[in-house]
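Here are the chains, one letter per residue:
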Amino acid sequence: MSGDWLPATVIDADWPIPTGRSLWVRVDGWPGNLAGQHVDVRLTAEDGYRAERSYSISTHGPSPVLEFAVDELPDGEVSPYLVHDIEVGDRFEVRGPVGRYFVWEPAQTGPVQLIAGGSGIVPLMAMARARRDSGSDAPFKLLYSVRGEPYAYFAEELEQLRGETFGIDWVYTKRAPEGWHRPPGRIDRELLEQLVIPAAEQPSVYICGPTPFVEAAANLLVDLGHDPARIRTERFGG
Amino acid sequence: MTISEERRTMIVSRGFGERRREPDPSLPPGQRTTEDFPVMSAGPTPVVSPADWRFSIATERGTAEWGWDDLMAQPIDDVTTDIHCVTRWSKLGTRWRGVSLDHVLAAAGGTEQVSAMIDCYGDYTTNVPIADLVGGKAWLAFEFEGEPLEPEHGFPVRLIVPHLYFWKSAKWVRGLRTQAVDEPGFWEVNGYHQYGDPWREQRYW
Ligand SMILES: Cc1cc2nc3c(=O)[nH]c(=O)nc-3n(C[C@H](O)[C@H](O)[C@H](O)COP(=O)(O)OP(=O)(O)OC[C@H]3O[C@@H](n4cnc5c(N)ncnc54)[C@H](O)[C@@H]3O)c2cc1C
């Protein structure tokens, strides 16, 4: 459960996007986690000073190796450390898993619409992986909004998941790839009407990302007739 | 464990701490102040007009129901208080206007029960002990910083129980039901603490 602080060791790290890092971490005593949950991370300085933040987990299941993806907020305290300073072999602590609501479990067979803004893909990636790993054939669709192509986490792995029952729609807000069929721009009503599983099919909707993105998407979907009880949201702040 | 023992077993993150901000003693542990008013809710924003708003008060003695005019007919308090969200932001010296839960429960003839389940438009629920609702500790609030509540912050009426983490301060309230045992509400079932005292960092169970 979420009670104790557990030691975590960085075992691998890279920069999949220019402004963010992915960290693979081994957590001793990890009880396993559902797809969509997060941890509290605690960092301790030499002199005992501490800071805590929450980070979603992009992996799922019993494995004690967890993956995180952290966006740098240049004027932030913790994210620049995780993105630039921490190295393989360094340690911190985690507590969790946290959250029983923003989760998807393979026993859910209905259609699922995932909507991610930026690093909000992290818990949704765990759901996409849980679907793949369980052999579930629940229809999934992902709408993933990023600044531009280089700013997408998990791009290759997601493209490999694409298939008859797993749709992916990219939305580029600042710069679209050469020849893209839509000019860059933020999500709006028309776009969601076009890309999201229609309300009539009663999808479970999971929305995650910066707070303004989540608010905008959730309100537009309610406006389009989606039942608020089927829309689950996770806000990263900002 | 002594402090020096704790130091020895401490897991230190090499090179961490350069960007630290000084902790503020007026804040509960792990909280930081924000000037914004971030939004946190489990789903989208319900739309309720004051004319349609109803608040039912169900106790072991029966059920009373208030509309907007009944709420406005009550004594109204000006409240200045700090608020603390479980997602680690706090906002200091926020100003609210609302009706004390003392009046709400009195209107229903009082209660001997231990806990209340708060019901909301949008099907959110949260549980709060009666002892934390009475004695000038909780309000049905309809104004924030001199203005009606914003839709995403609970318009037309929200509960505020500022001495507990702010998820207990349910938005878009439509009623309370007293209960003989302290049954968990929505977030409490979904991983958050049954009571939620920020000074004891009761974030999760
Ligand atoms: C459930 C959950 C899951 C999350 N998952 C992820 C994830 O998977 N990936 C991810 O990248 N992020 C995630 N986040 C966000 C993450 O927790 C941090 O908020 C984020 O990394 C920023 O932390 P920071 O310490 O770098 O910034 P902070 O230091 O917290 O600062 C945040 C912003 O506020 C300003 N600020 C804060 N305090 C002050 C102050 N005292 N004075 C002036 N300015 C201030 C900073 O300038 C900055 O712009 C998640 C959040 C939640 C709640």
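Scroll up to find the structure.
Enquirer: Where do I start with the interface of chain B and chain A in this structure?
Expert: Reports often express the size of an interface as the amount of accessible area lost when the parts come together. Across the boundary between the two partners, chain B contributes 32 residues, which contact 44 residues of chain A. Among the residues chain B hides against chain A, the three largest losses belong to B:Ile11, B:Phe16 and B:Arg19. Together they make up 23% of the total. For the pair chain B and chain A, the number of links is five salt bridges. We note a salt bridge from A:Asp40 to B:Arg88, for which the minimum N-O separation is 3.0 Å. Linking chain B with chain A are eight residue pairs in polar contact (both at pLDDT 80 or more), by the criterion used here. Taken together, the elements giving at least two residues each to the side of chain B that touches chain A come down to helix 1 (3-9) and helix 4 (186-189) of chain B. Ranked by residues supplied to the side of chain B that touches chain A, first place goes to helix 4 of chain B with three residues. Classifying every residue of the side of chain B that touches chain A by side-chain character gives 13 nonpolar, eight polar and eleven charged.

Enquirer: What am I meant to see in unusual backbone geometry here?
Expert: With glycine set apart, most residues show a phi of negative sign, and most peptide bonds adopt trans. Along the chain, A:Gly96 connects to A:Pro97 via a cis peptide bond; the corresponding omega equals 5 degrees. Residue position: A:Pro97 is located in strand 6 (residues 91-98). Residue B:Phe155 is joined to B:Pro156 through a cis peptide bond whose omega torsion reads 5 degrees. Assignment of secondary structure puts B:Pro156 in the loop between strand 9 (147-148) and strand 10 (158-160). A positive phi angle, close to 70 degrees, is found at B:Asp123, a residue other than glycine.

Enquirer: When you look at the layout of surface pockets in this model, what are you seeing that I'm missing?
Expert: By rolling a water-sized probe across the atoms, one finds the places where empty space is left. For the second largest pocket, the calculated volume is near 510 Å³. If you list the elements that add at least two residues to the lining of the second largest pocket, you get strand 11 (231-235) of chain A together with helix 4 of chain B. Residues belonging to the lining of the second largest pocket are distributed by class as follows: 22 nonpolar, six polar and five charged.

Enquirer: How should I be thinking about the pattern of salt bridges in this particular structure?
Expert: Between side chains of opposite charge, pairing is possible as soon as their charged atoms come close. Residues and elements named next belong to chain A. Evaluated as defined, the whole model comprises 26 salt bridges over all chains. Note that Glu-215 and Arg-235 form a salt bridge whose closest N and O atoms lie 2.5 Å from each other. One end of the pair, Glu-215, is in helix 5 (residues 211-223); the other, Arg-235, is in strand 11, with 20 residues separating them in the sequence. The burial state of Glu-215 is the same as that of Arg-235; both residues are buried. Through salt bridges with shared partners, a single ionic network connects Glu-67, Arg-129, Arg-132, Asp-133 and Glu-157.

Enquirer: How should the site of the ligand be read in this particular structure?
Expert: Neighbouring residues of the ligand: 22 residues in total, closest A:Ser54, A:Tyr55, A:Val78, A:Ser79 and B:Arg32. Of the chains in the model, those with residues near the ligand are chains A and B. In the model, an oxygen atom of the ligand is placed 2.8 Å from a nitrogen or oxygen of the A:Asp71 main chain. Contacts to the ligand include A:Glu77, whose backbone N or O atom sits 2.8 Å from an oxygen atom. The residue inventory of the shell around the ligand, partitioned by class, reads eight nonpolar, six polar and eight charged.

Cut-offs used in this document
- Residues numbered from 1 in each chain as written.
- Chains lettered and ligands numbered in written order.
- Predicted model: local features only at pLDDT ≥ 70, side-chain atom pairs only at ≥ 80, totals over all residues.
- Heavy atoms only, no water.
- Contact = heavy atoms within 4.5 Å.
- Buried area = accessible area lost by both parts, 1.4 Å probe.
- Salt bridge = Lys/Arg side-chain N within 4 Å of Asp/Glu carboxyl O.
- Polar contact = N/O pair within 3.5 Å; in protein donor to acceptor, adjacent residues only side chain to side chain.
- Helix = DSSP H or I, 4+ residues; strand = E, 2+ residues; numbered from the N terminus.
- Nonpolar A, V, L, I, M, F, W, Y, C, P; charged D, E, K, R; others polar.
- 1 Å grid on protein atoms, 1.4 Å probe; cavity = no way out; pocket = protein on both sides within 12 Å on 5 of 7 lines; lining within 4 Å.
- Points joined across faces, edges and corners; volume = space filled by probe spheres on them.
- Buried < 20%, exposed > 50% of the residue type's maximum accessible area, 1.4 Å probe, protein only.
- Near = heavy atom within 4 Å.

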